[in-house]
Amino acid sequence: MPIVSAKNLRAYYIVDVYGFKRTVKAVDDISMEINENEILGLAGESGCGKSTLMKVLLGLVIAPLKVLNGQVIYSFNGFEKNIFELSEKELENLKWEVFSYIPQGSMNILNPTRKIGDTFFDFMEPHMEKFDKKYVREIIIQHLGNLDLPAEILESFPHQLSGGMKQRVTIALATILKPRIIFADEPTTALDVVVQRDVIQLLKNIQKNSKNTIVLVTHDMAIHANLATRIAVMYAGKIIEIAQTKDIFKNPLHPYTKYLISSLPKIGDKTYKKSIPGAPPSLANPPEGCRFHPRCPEAKKECSESVPELIELETGHKVACFRIN
Ligand SMILES: Nc1ncnc2c1ncn2[C@@H]1O[C@H](COP(=O)(O)OP(=O)(O)OP(=O)(O)O)[C@@H](O)[C@H]1O
Ligand code: SF4
Ligand SMILES: [Mg+2]
């Protein structure tokens, strides 16, 4: 039973540019499920709509973003509701305790004028029935210890920490209330490879110890290979393939997924890596039919005329491509 099911989601940015309406079709008819205890990776090139999809799944829909269609059902412990039908208060109650969000570039959102410890206190106070600072401090120190972070950081200001440490602090903040689902948007981008490894390990440990669900956005397929249970590949506002990680890497079906995987370096392999031809389309004016057709080496006539549906070919392996379906 999935913990989150999205059905026919359509979310566009509707922007007014000097009196002209510009519509960016960032999430265009997406249906997907998030299962309990999995790490679901969302992959795809820059600008394909990964962050927008994540925000919509969280009910974080702020103008100019608008949901035109669809629903996102959260179901657990007898609770079953569409996130778009929740009151502000209900949504606030779900936030952090049921799901937490680590936004893109989050290591820069720590308040520069507050010590890390005070940021933790500020964050936790509204969630505690009775706020006993000494008790809360113990909880924080224990949580940091579980994540292999030193308690001394509580006395530091953000500028005194490295980028990697700041990112780990934001992950610690987002997980201290033990949420069931953690949405993390590019948590390793802008970090060097060694620090990336620490952040990946941290996410792995959190998932293993707390048995929660992680939805992880990154354009880096190597990180998905290392971390994700399943991978959903996005292209131009749509999910074009979704499967278990091992199936995506062993048996990629969509021509775009094949490109993403073949561009990954392999140890000892000195063959020339093919990059994806052409550029991603503008989501203000995406191509008709299959949105990948102008770049697809396997395109046929039908591809520019109709939109391929995401169809389950083998158990749990879905793909949207006329060559395969
Ligand atoms: N506030 C906004 N107003 C208008 N268009 C936006 C806004 N935010 C994002 N977009 C557009 O929506 C599309 C999807 O953007 P999104 O940030 O979801 O992509 P992404 O896959 O997360 O990219 P990246 O990997 O670079 O983070 C892009 O074309 C982007 O320019
Ligand atoms: S539907 Fe056609 S254009 Fe799209 S990926 Fe498949 S073969 Fe290529
Ligand atoms: Mg993004």
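Report follows, based on the coordinates.

So, how was this worked out
- Numbers given for residues are sequential positions, taken from 1 along each chain in its written order.
- Chains carry letters and ligands carry numbers; both start at the beginning, A for chains and 1 for ligands, and go up in the order they are written.
- At least 70 in pLDDT is required for a residue's local features to be given in this predicted model, at least 80 for side-chain atom pairs to be given and counted, and no such filter applies to totals for whole chains, interfaces and linings, which use all residues.
- No hydrogens and no water enter the side-chain calculation; it runs on all heavy atoms of the structure.
- A pair of strands is treated as paired once DSSP finds two or more bridges between them.
- Each helix is a run of DSSP H or I of at least 4 residues and each strand a run of E of at least 2, with the numbering of both proceeding from the N terminus.
- For this description, a residue counts as near a given molecule or strand if any of its non-hydrogen atoms is within 4 Å of it.
- The term polar contact refers here to a pair of N or O atoms within 3.5 Å; inside protein, the definition further demands a hydrogen-donor-capable atom paired with an acceptor-capable atom, and it admits residues adjacent in sequence only when both atoms are side-chain atoms.
- Amino acids are sorted into nonpolar (Ala, Val, Leu, Ile, Met, Phe, Trp, Tyr, Cys and Pro), charged (Asp, Glu, Lys and Arg) and polar (every other residue, Gly among them).
- We call an atom a donor if it is N, O or S and sits within 2.8 Å of the metal, or 3.2 Å for Na, K and Ca. Water is not counted, so some sites may look partial.
- We call a residue buried when its accessible area falls under 20% of the maximum for its residue type, exposed when it is over 50%, and partly exposed in between, using a 1.4 Å probe and counting protein chains only.

With respect to the pairing of strand E5 (residues 79–82)
Part 1 of the reasoning: Two elements, strand E4 (residues 65–76) and E5, share four bridges in a ladder whose sense is antiparallel. Pairing of Tyr 74 across the sheet is with Lys 81, part of E5.
Part 2 of the reasoning: Between E4 and E5, which pair antiparallel and follow one another directly, the connecting turn spans two residues, one of which, Asn 77, has a positive phi of 45 degrees.

Looking at the site of ligand 1
Part 1 of the reasoning: With respect to spatial proximity, 16 residues lie near ligand 1, and among them Ser 46, Gly 47, Lys 50, Ser 51 and Thr 52 are the closest.
Part 2 of the reasoning: Ser 46 is positioned with one of its side-chain polar atoms (N or O) 2.5 Å from an oxygen atom of ligand 1.
Part 3 of the reasoning: Contact distances for ligand 1 include 2.9 Å between an oxygen atom and a side-chain N or O atom of Gln 104.
Part 4 of the reasoning: Broken down by element, the shell around ligand 1 gets its largest block of residues, three residues, from helix H1 (residues 50–57).
Part 5 of the reasoning: Class assignment of the residues belonging to the shell around ligand 1 gives a composition of seven nonpolar, six polar and three charged.

Considering the coordination of the magnesium ion (ligand 3)
Part 1 of the reasoning: Around the magnesium ion (ligand 3), the donor atoms from the protein are Ser 51 (OG) and Gln 104 (OE1), and they sit 2.0 to 2.3 Å away. Linking Ser 51 in helix H1 with Gln 104 in the loop between strand E6 (99–102) and helix H3 (116–124), this pair joins segments that are 53 residues apart in sequence.
Part 2 of the reasoning: On the basis of relative accessible area, Ser 51 is assigned to the buried category, the value being 18%.
Part 3 of the reasoning: Here Gln 104 falls in the partly exposed class, since its relative accessible area comes to 47%.

So far we have only geometry, and geometry alone does not tell us how the molecule works.
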